[in-house]
Amino acid sequence: MSFLGHGLVRLPKLHAFASGMAEQFAGTVLPQGFVLAFGYLLVFAELITGIWLLSGRWFTQALVTALGIMTALIFGSSLIENWNAISAQLVHSLYLAGLLLLRHPIGKTVRSSAP
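Okay, so let's go over this structure.

About the criteria used
- Residues numbered from 1 in each chain as written.
- Predicted model: local features only at pLDDT ≥ 70, side-chain atom pairs only at ≥ 80, totals over all residues.
- Heavy atoms only, no water.
- Axes fitted to C-alpha atoms, helices over the stretch in contact; angles between N-to-C directions.
- Helix = DSSP H or I, 4+ residues; strand = E, 2+ residues; numbered from the N terminus.
- Left-handed = near helix turned anticlockwise from the far one by under 90°.
- Contact = heavy atoms within 4.5 Å.
- Nonpolar A, V, L, I, M, F, W, Y, C, P; charged D, E, K, R; others polar.
- Expected span 1.5 Å × (residues − 1).
- Buried < 20%, exposed > 50% of the residue type's maximum accessible area, 1.4 Å probe, protein only.
- Arc of directions from axis to C-beta.
- Core = buried A, V, L, I, M, F, W, Y, C linked by side-chain atoms within 4.5 Å.

Moving on to the packing of helix H3 (residues 32-55) against helix H4 (residues 59-79). Between H3 and H4, the shortest axis-to-axis distance is 9 Å and the interhelical angle comes to 150°. Viewed along their axes, H3 and H4 form a crossing whose handedness is left-handed. Contacts between H3 and H4 involve Phe38, Leu42, Ala45, Glu46, Thr49, Trp52 and Leu53 from the first element and Phe59, Ala62, Leu63, Thr65, Ala66, Ile69, Ala72 and Leu73 from the second. In the contact of H3 with H4, the residues fall into twelve nonpolar, two polar and one charged.

Take a look at the structure:
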């Protein structure tokens with residue numbers, strides 16, 4: 001629900017969200033154009049990932065995508081020293097990683113159906 005909610009709430013104010021994100025990162029090493037593009041893409045990535053996670057469609061791929069999104073967000077939050085956001089992002093990441101491990105346990109042998 002978190003990914004879906006983030007995407008839905010930001011969609012109507014897409015430009016303001018992306019522009020605000022670019023302003024936040026103005027003092028970092030990231031180019032403003034890159035951050036602006038990421039801000040636009042992030043909204044759709046969160047929305048689509050949330051739909052996939054809730055529907056169960058492409059569930060494993062959605063979990064991996066969500067972990068990729070969280071990794072990018074943690075990196076960005078580190079650049080602007082937003083340590084409070086990182087705490088929440090880490091909780092999301094641990095939850096997603098736990099779901100991924102439940103779906104694909106480490107050490108589980110995958111057997112081929114080929115003779």
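From this point, the discussion proceeds with the structure in view.
Here helix H5 (residues 83-103) spans 30 Å end to end across 21 residues, near enough to the 30 Å set by a 1.5 Å rise per residue. Every buried residue of H5 is accounted for by Ile86, Gln89, Ser93 and Leu96. Projected onto a plane normal to the axis of H5, the buried residues spread over an arc of 90° and lie on a single side. Exposed residues on H5 whose side chains face more than 90 degrees from its buried face are Asn84, Val91, Leu94, Tyr95 and Leu102. Next to the buried residues of H5 lie helix H1 (2-10), H3 and H4.

Quick look at the nonpolar core now. Within the largest apolar cluster, 19 residues are counted, with the highest numbers of intra-cluster contacts made by Phe3, Met21, Leu42, Leu53 and Leu96. It is H4 that provides the largest number of residues to this core, a total of eight residues. Setting aside anything within four residues of it in sequence, one finds Leu42 in contact with Arg10, Phe17, Met21, Ile69 and Leu73.

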